[in-house]
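# Breakdown of the fold
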Amino acid sequence: MTKRCPKVHFVLPIWGERYTDVFLSISLPSLLTPGNIRNERFKGSVLEIYSNIQSIETIKKSEIFSNLSKLLDVYFIDIQSFFESSNYRSNWSAFRFATQEAVRSAEAANAVIVLLCSDQLWTPESLSRAIAHVDAGMDLVACAGPRTIEEDVRLVIERDYFDAQTNNLTIDTREIVRLGLRHLHPEMKAWSWDLPEYYLTPVSIFFFIENGDIVSWPFSLHPVCYFPQVKGQTD
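Calculation notes
- Residues numbered from 1 in each chain as written.
- Predicted model: local features only at pLDDT ≥ 70, side-chain atom pairs only at ≥ 80, totals over all residues.
- Heavy atoms only, no water.
- Buried < 20%, exposed > 50% of the residue type's maximum accessible area, 1.4 Å probe, protein only.
- Core = buried A, V, L, I, M, F, W, Y, C linked by side-chain atoms within 4.5 Å.
- Helix = DSSP H or I, 4+ residues; strand = E, 2+ residues; numbered from the N terminus.
- Pairing = 2+ DSSP bridges.
- Right-handed = clockwise from strand over helix to strand, strands pointing away.
- Salt bridge = Lys/Arg side-chain N within 4 Å of Asp/Glu carboxyl O.
- Axes fitted to C-alpha atoms, helices over the stretch in contact; angles between N-to-C directions.
- Contact = heavy atoms within 4.5 Å.
- Phe/Tyr/Trp six-rings, centres within 6.5 Å; stacked < 30°, edge-to-face > 60°.

It is worth spelling out unusual backbone geometry at this point. Trans peptide bonds make up most of the peptide bonds, and negative phi angles are found at most residues other than glycine. With a phi close to 55 degrees, Asn110 is a non-glycine residue in the positive phi region. Of the residues examined, Asn110 reaches a relative accessible area of 44% and is grouped as partly exposed. The phi dihedral of Glu125 falls on the positive side, at around 75 degrees, and the residue is not glycine.

Right under this line is the structure:
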């Protein structure tokens, strides 16, 4: 199979003080680790940030943003008018609007979409591995995303894994899994198959094993990389 190397559009829907803070403090430092955005494969790539006025100003003023803007061509798309329109019903409707606009933009450039979440933590080389699958011919790379207790996990991460001198946050894959299992969100625990009060409409089913590990059967996956083949389908 001939290797393809399409352009890459990173997409970040983000607004609100809490999510903006988590992105700048946790998610972005992990994206700046080797093998993620710091990769020759992503040189000349685009980052589209869909946000409101307040969050755009906060991101622009942050020290770590200067590191990001040296690596990617960053464009801010102000969707404040959507929040003020009759189409706005919830944050999910705004997220949907932003991703639809991002798909149209990527299609026009014949680019791969890498969908970032403001509270997502990336281990080194994660993005390199994901985009390698797309280059090899896959059109979609997706992953499960178990939720954790933010306050507990953030305390450990900032204390043990954040390098203030480089603004990098480095944590390996196995350690992030162990950390997640120790601080799994109560909603995730309610999706355990073994519980007598098992939640009947889960996003995932968890099977807890005796040694403390978990086998997960996810029904919903987060799209990490998406290379649209059927144009004009934004829903």
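What follows is about the nonpolar core. Counting 30 residues, the largest nonpolar core has Phe10, Leu28, Leu31, Leu47, Leu116, Leu127 and Cys225 as its most contacted members. Secondary-structure elements contributing two or more residues to this core are β1 (7-13), α1 (17-31), β2 (46-51), α3 (63-69), β4 (111-115), α6 (126-135) and β10 (222-226). Of all hydrophobic cores here, the second largest spans 14 residues; its members include Tyr50, Ala98, Ala111 and Ile113.

What follows covers the pairing of β1. Of all 7 residues that make up β1, 6 are buried, and the element is covered over most of its length. Relative to β2, β1 runs parallel, the two sharing 5 bridges. Each bridged residue has a counterpart across the sheet, and for Val11 the counterpart in β2 is Glu48. The handedness of the β1 to β2 crossover, carried by α1, is right-handed.

In this section: the pattern of salt bridges. A side chain with one charge may pair with a side chain of the opposite charge, provided their charged atoms come close. In the structure shown here, the tally under the stated rule is 8 salt bridges. For Arg104, the salt bridge goes to Glu101, with nearest N and O atoms at 2.8 Å. Separated by 3 residues within a single helix, Arg104 and Glu101 lie in helix α5 (residues 91-108), roughly one turn from each other. Here Arg104 falls in the partly exposed class, since its relative accessible area comes to 41%. Since its relative accessible area comes to 31%, Glu101 is described here as partly exposed.

In any sheet, the strands associate via hydrogen bonds between backbone groups, in a parallel or an antiparallel arrangement. Sheet architecture is open: 6 strands sit in the order β3-β2-β1-β4-β10-β5, paired in mixed fashion. Bordering the open sheet on either side are β3 (73-78) and β5 (140-143), each of which pairs with just one other strand. With direction set aside, neighbouring strand axes in the sheet form an average angle of 25 degrees. Contacting β1, β4, β5 and β10, α6 crosses the sheet at an angle of about 60 degrees to β10.

Okay, the packing of aromatic side chains next. To describe a pair of aromatic rings, you give the distance between the ring centres and the angle between the ring planes. Going through the model one piece at a time under the given rule, you end up with 7 aromatic pairs. Ring geometry for Phe65 and Phe76: centres 5.6 Å apart, planes at 50 degrees, overall tilted. Taken together, the residues span a long stretch of sequence, with Phe65 in helix α3 and Phe76 in strand β3 at a distance of 11 residues. By relative accessible area, Phe65 is classed as buried at 12%. On the basis of relative accessibility, which here comes to 23%, the residue Phe76 falls in the partly exposed class. For the pair Phe82 and Tyr88, a centre-to-centre distance of 6.4 Å together with 85 degrees between the ring planes defines the contact as edge-to-face. Following the ring pairs from residue to residue traces out a cluster consisting of Trp15, Phe82, Phe83, Tyr88 and Phe97.

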